[in-house]
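Coordinates in review
The chain contents come next:
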Amino acid sequence: QPKAANLKGWWKMDVDTSNWKHFSDTVASRNYWDFQNQVGSRNSVVSFSTSDYIDYPYISLSGAFTVSTWVKSSDGVPGVVSYGNYLSNSNQWGGGSNNDRNWVLTRFNRGVRFVGYSTSNSVLWDIQTPQGGSDIPNMFDGEWHHVIAIWDGTTNSNGIKIFVDGILKGLGTSSGTNINTDNSVPIRAGSASTGFDYIGEQSNQQIWNTALTSGSA
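Described below are features of the structure shown in this document. (Residues numbered from 1 in each chain as written. Predicted model: local features only at pLDDT ≥ 70, side-chain atom pairs only at ≥ 80, totals over all residues. Heavy atoms only, no water.)

1. A few points about the overall build of the protein chain
Note the threshold: Secondary structure elements follow DSSP: runs of H or I of four or more residues count as helices, runs of E of two or more count as strands, with numbering from the N terminus. Exposed residues in this analysis have more than 50% of their type's maximum accessible area, buried residues have under 20%, and partly exposed residues fall in between, with area computed by a 1.4 Å probe over protein chains only. When checking whether two residues touch, look at their non-hydrogen atoms; a contact exists if any pair is within 4.5 Å. Shrake-Rupley sampling with a 1.4 Å probe provides the accessible areas, and residues are treated as covered by the protein chains on show and by no other component.
Looking only at helices and strands, the protein chain features 0 helices and 15 strands. When each of the 217 residues of the protein chain is scored for burial, the buried share is 50%. Here the contacts in the protein chain between residues at least 6 apart in sequence split such that 66% fall between residues at least 24 apart. Total accessible area computed for the protein chain in this model is approximately 9500 Å², and 47% of it derives from carbon and sulfur atoms.

As structure tokens, then:
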């Protein structure tokens, strides 16, 4: 069972955003908040519009880990390729050097996509939930969904899992264990760059340095 010490980041998003540090991003015409692990007694919601994002402090994840977030978005068109960054530790969205890619959890079209990168910048895994079917949630349907992505830290078969609303919807296997841990980029929620804007709401985001089991997830 996971222990409290395994919970490395928990952002309940129930604080007044007017009190957050606010910066101007000179690399792109957008603004962001610097969200320093502020938590409260109950979850609430942060609404993201075009180009809004939150940077969290870097968390080193050199082995098994779990990423969890609640999301609600209507920003998508059926049949059109689109992204909406949930949580990522990567600079790849910025269009610059891809040497600082660790992991990414994002909406991809109507599904969820979870990607991990090696120390040599190659893809260790790229797992997606199915894009169709009556039993597959549409991630831009305007309803709240709980997304959990897990890597067990190994190359074991199906060591990577994606749960949506408590149901296993994605399975995959990592090609290696040498996940990148570059600390030059923060963990980011919301929009990552033009073309990867997240428009919608998110709440109660967590990062664990262990692989939650299906019972605890």
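Following the structure, the description resumes.
2. Re the pairing of strand 11 (residues 145-151)
The line we're drawing: When DSSP finds two or more bridges between a pair of strands, those strands are recorded as paired.
Burial analysis of strand 11 places 7 of its 7 residues in the buried class, the great majority of the element. The two faces of strand 11 match: His145, Val147, Ala149 and Trp151 on one face and His146, Ile148 and Ile150 on the other face are all buried. In the sheet, strand 6 (residues 65-72) pairs with strand 11 via 7 bridges, with the strands oriented antiparallel. Pairing of Phe65 across the sheet is with Trp151, part of strand 11. Note that strand 11 and strand 12 (residues 160-164) share 5 bridges and pair antiparallel. Pairing of Trp151 across the sheet is with Ile160, part of strand 12.

3. Overview of unusual backbone geometry
Even without being a glycine, Asn109 presents a positive backbone phi close to 55°. Residue class for Asn109 comes out buried when judged on its relative accessible area of 15%.

4. As for the side chain of Arg101
Note the following rule: Any N or O atom pair separated by 3.5 Å or less is treated as a polar contact, with the protein-specific requirement of one donor-capable and one acceptor-capable atom, and with residues adjacent in sequence counted only for side-chain atom pairs.
Its location among the elements puts Arg101 in strand 8 (residues 101-108). The exposure class assigned to Arg101 is buried, which follows from its relative accessible area of 12%. Engagement of the side chain of Arg101 in a polar contact is seen with the backbone oxygen of Asn121, the distance being 2.4 Å.

5. Structural notes on the pattern of salt bridges
Selection criterion: A carboxyl oxygen of Asp or Glu within 4 Å of a side-chain nitrogen of Lys or Arg is what we treat as a salt bridge.
The final tally for this structure, using the stated rule, is 3 salt bridges. Between Arg188 and Asp55 there is a salt bridge whose closest N-O contact spans 2.8 Å. Residue Arg188 is located in strand 14 (residues 187-190), and its partner Asp55 is located in strand 5 (residues 53-56); the two are separated by 133 residues in the primary sequence. Taken as a pair, Arg188 and Asp55 share a single burial class, namely buried. A salt bridge links Lys72 to Glu201; the shortest N-O distance between them is 3.9 Å. Residue Lys72 is located in strand 6, and its partner Glu201 is located in strand 15 (residues 200-208); the two are separated by 129 residues in the primary sequence. Under the relative-accessibility criterion, Lys72 is labelled partly exposed at 27%.

6. Considerations on the environment of Tyr86
Here Tyr86 lies in strand 7 (residues 83-90). Here Tyr86 falls in the buried class, since its relative accessible area comes to 1%. When the C-alpha positions of Tyr86 and Thr69 are compared, they lie 7.5 Å apart, and in sequence the two are 17 residues distant.

What is shown is where atoms sit, not what they do.
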